[in-house]
Amino acid sequence: MKLPLPVVSLRAVLLAGAIAFMAALGPVLAAADNSITIAAMSQQDGAWAASPLGTSPTETVGSAGCAITAVTMMLRHYGVDTDPATFNGWLTATGGYAYDDQLIWAAVTAYSGGRVAFSGWFGPDLGLIQAELDSGRPVVAEVQLGGNQHFVLLTGYTSAGGFLISDPWFGDSVRFSDRYGDAASGILSIRTFMPADAAPRRGERDGWLANAVAAVHLAQ
């Protein structure tokens, strides 16, 4: 006697295949953590905290040097031997500040001798941040601390805890959410940098010069 062939739903076959595929990808998808090891630095370190920030008559590296300290950490990641005092002194002597103490971001390119180039000033684009971190490039982020403008260095992310930061004001490394809340609302803008030995991002916006000029305007 000839038995009828079992009828198998195409939908069931596809579903089973999809489940098997996702199971195979499981370990890959779960590996969502990514961090760059960067030693935290404090703008309030006694070696430079009291130094005037640029030509400001009131601000010091300790009181308002978060941007240059964040950039210093980023530069050291790329092998540039520097510290906030050295960077501040060079910026002051070469016109790297606007309005006394506002960092001109494009000055980073000249300071590093082209080893690291300022590549953009963007809004709080979380996707871009993750792409930069995935490429091994830390990102400087603007936040609010005590109602004042502040900059931190984004150094990675975890699937459970969100972005990781090195914070110049506190001189430590913590999860962004533990100090500044949700990154979607806590990050106000970002600055990106490209090492000379890295290929440009595909489709990268080439407005870094315009961003540098905008830095002077938006800092006010």
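Look a little higher up for the structure.
This report concerns the structure included in the present document.

What counts as what
Residues numbered from 1 in each chain as written. Predicted model: local features only at pLDDT ≥ 70, side-chain atom pairs only at ≥ 80, totals over all residues. Heavy atoms only, no water. Helix = DSSP H or I, 4+ residues; strand = E, 2+ residues; numbered from the N terminus. Contact = heavy atoms within 4.5 Å. Phe/Tyr/Trp six-rings, centres within 6.5 Å; stacked < 30°, edge-to-face > 60°. Buried < 20%, exposed > 50% of the residue type's maximum accessible area, 1.4 Å probe, protein only. Lys NZ or Arg CZ within 6 Å of the ring centre and 35° of its normal. Axes fitted to C-alpha atoms, helices over the stretch in contact; angles between N-to-C directions. Parallel < 35°, antiparallel > 145°, perpendicular 65-115°, else oblique. Left-handed = near helix turned anticlockwise from the far one by under 90°. Nonpolar A, V, L, I, M, F, W, Y, C, P; charged D, E, K, R; others polar. Salt bridge = Lys/Arg side-chain N within 4 Å of Asp/Glu carboxyl O.

1. Thoughts on the side chain of threonine 155
Of note, threonine 155 is situated in strand β6 (residues 148-158). In this view, threonine 155 contacts Ser35, Ile36, Ile38, Leu133, Leu164, Ile165 and Ser166; residues no more than four positions away in its chain are not counted.

2. Quick look at the packing of aromatic side chains
The final tally for this structure, using the stated rule, is six aromatic pairs. A centroid spacing of 6.5 Å and a plane angle of 50° characterise the contact between tryptophan 105 and phenylalanine 193, whose relative ring orientation is tilted. Taken together, the residues tryptophan 105 in the loop between β3 (102-103) and α5 (107-111) and phenylalanine 193 in strand β9 (residues 189-195) connect sequence positions 88 residues apart. With relative accessibility at 3%, the residue tryptophan 105 sits in the buried group. Its relative accessible area of 0% is what places phenylalanine 193 among the buried residues. In textbook terms, an aromatic cluster arises when at least three aromatic residues are bridged by ring pairs, as seen for Trp105, Phe118, Phe151 and Phe193. It is arginine 179 that lies over the ring of phenylalanine 170; its NZ or CZ is 3.9 Å from the centre. Across the ring face of tryptophan 121, the terminal group of arginine 191 is positioned such that the distance to the ring centre comes to 3.6 Å.

3. Looking at the packing of helix α3 (residues 66-77) against helix α4 (residues 84-94)
Direction vectors running N to C along α3 and α4 enclose 115°, while the axes themselves pass 9 Å from each other. Viewed along their axes, α3 and α4 adopt a mutual orientation that is roughly perpendicular. The hand of the α3/α4 crossing is right-handed. Note on element contacts: α4 touches α3 through Pro84, Phe87, Asn88 and Leu91, opposite Ile68, Thr69, Val71 and Thr72. The class makeup of the residues in the contact of α3 with α4 is five nonpolar, three polar and no charged.

4. As for unusual backbone geometry
Backbone geometry at tyrosine 99 places phi at a positive 50°, although glycine is not the residue there. Structurally, tyrosine 99 can be placed in the loop between β2 (97-98) and β3. Residues other than glycine seldom take positive phi values, yet aspartate 100 does so here, at roughly 80°. Along the polypeptide, aspartate 100 turns up in the loop between β2 and β3. Given a relative accessible area of 39%, aspartate 100 falls into the partly exposed group.

5. Quick look at the pattern of salt bridges
Enumeration according to the criterion identifies four salt bridges in this entry. Of the charged contacts in the structure, one is a salt bridge between arginine 179 and aspartate 172, with a shortest N-O distance of 2.8 Å. One salt bridge connects arginine 175 with aspartate 178, and the closest N-O pair in it is separated by 3.0 Å. With a relative accessible area of 37%, arginine 175 lands in the partly exposed category.

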